[in-house]
Amino acid sequence: MLTNRCPSCHEGYLFVKSNPYASGFMNMEKKCARCGADFQREPGFYFGAAYVSYALTVALWVAVVVALYTFDFIGLISYGFFENPVLTIVLGITLLVVLLPVLYRLSRSLWIHMFVQRNDHLRSETSLDDDSAE
Ligand SMILES: [Zn+2]
């Protein structure tokens, strides 16, 4: 799931390019090259991934704020979280823009993994051979 692999066989890749910062990082494969699972399940299927992306963004934002506040409170850093709200917001937005490709792909991967079950029979030819030998 975190490596953007096929939800069915966990071997094929969801995205055409493996580097999230390459141009065309949003392009997805239509089907799994390994097992043939359909990645374009229906028109607008990935609309719901926006909610996953929103949840991930909020979780990341809260985690960073709690970490900064905690480190500031115990004296590890003297950031002055509440004294520099503009700097905090600018840094937060910059962080989100930098992480946008990663969050985009992760939310699509999480979304399709919620709807497609793993199918170990499609995993590889060797596992198919093992099943037939039994
Ligand atoms: Zn697959």
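What you see is a predicted model; the values in this text were computed from it and never measured.

Colleague: Can you tell me about the overall build of the chain, naming the residues and giving the values?
Modeller: A count of helices and strands for the chain gives three helices and zero strands. Along the chain, helices and strands appear, N-terminal first, in the series α-α-α. Put simply, the chain has 134 residues, and 12% of those count as buried.

Colleague: So what about helix H2 (residues 85–115)? Which residues, and what values?
Modeller: A bend of about 55° at Leu99 is the largest found in H2, and the proline Pro101 appears one to four places after it. Those residues of H2 not exposed but buried are Arg105, Ser107, Arg108, Ser109, Trp111 and Ile112. Its buried side turned inward, H2 meets helix H1 (49–73).

Colleague: How would you explain the nonpolar core if you had to name every residue and give the values?
Modeller: Within the largest apolar cluster, ten residues are counted, these being Cys6, Cys9, Leu14, Phe15, Cys32, Ala37, Phe39, Ala49, Trp111 and Ile112. Apart from residues no more than four positions distant in its own chain, Cys6 is found in contact with Glu11, Gly12, Leu14, Cys32, Arg34, Cys35 and Ala37.

Cut-offs and rules
Residues numbered from 1 in each chain as written. Predicted model: local features only at pLDDT ≥ 70, side-chain atom pairs only at ≥ 80, totals over all residues. Helix = DSSP H or I, 4+ residues; strand = E, 2+ residues; numbered from the N terminus. Buried ≥ 20, exposed ≤ 12 C-beta atoms within 10 Å, placed from the backbone. Bend = angle between axes of the 7 residues up to and from the residue. Contact = placed C-beta atoms within 7 Å. Core = buried A, V, L, I, M, F, W, Y, C linked by C-beta atoms within 7 Å.

Geometric values such as these leave the question of function open.
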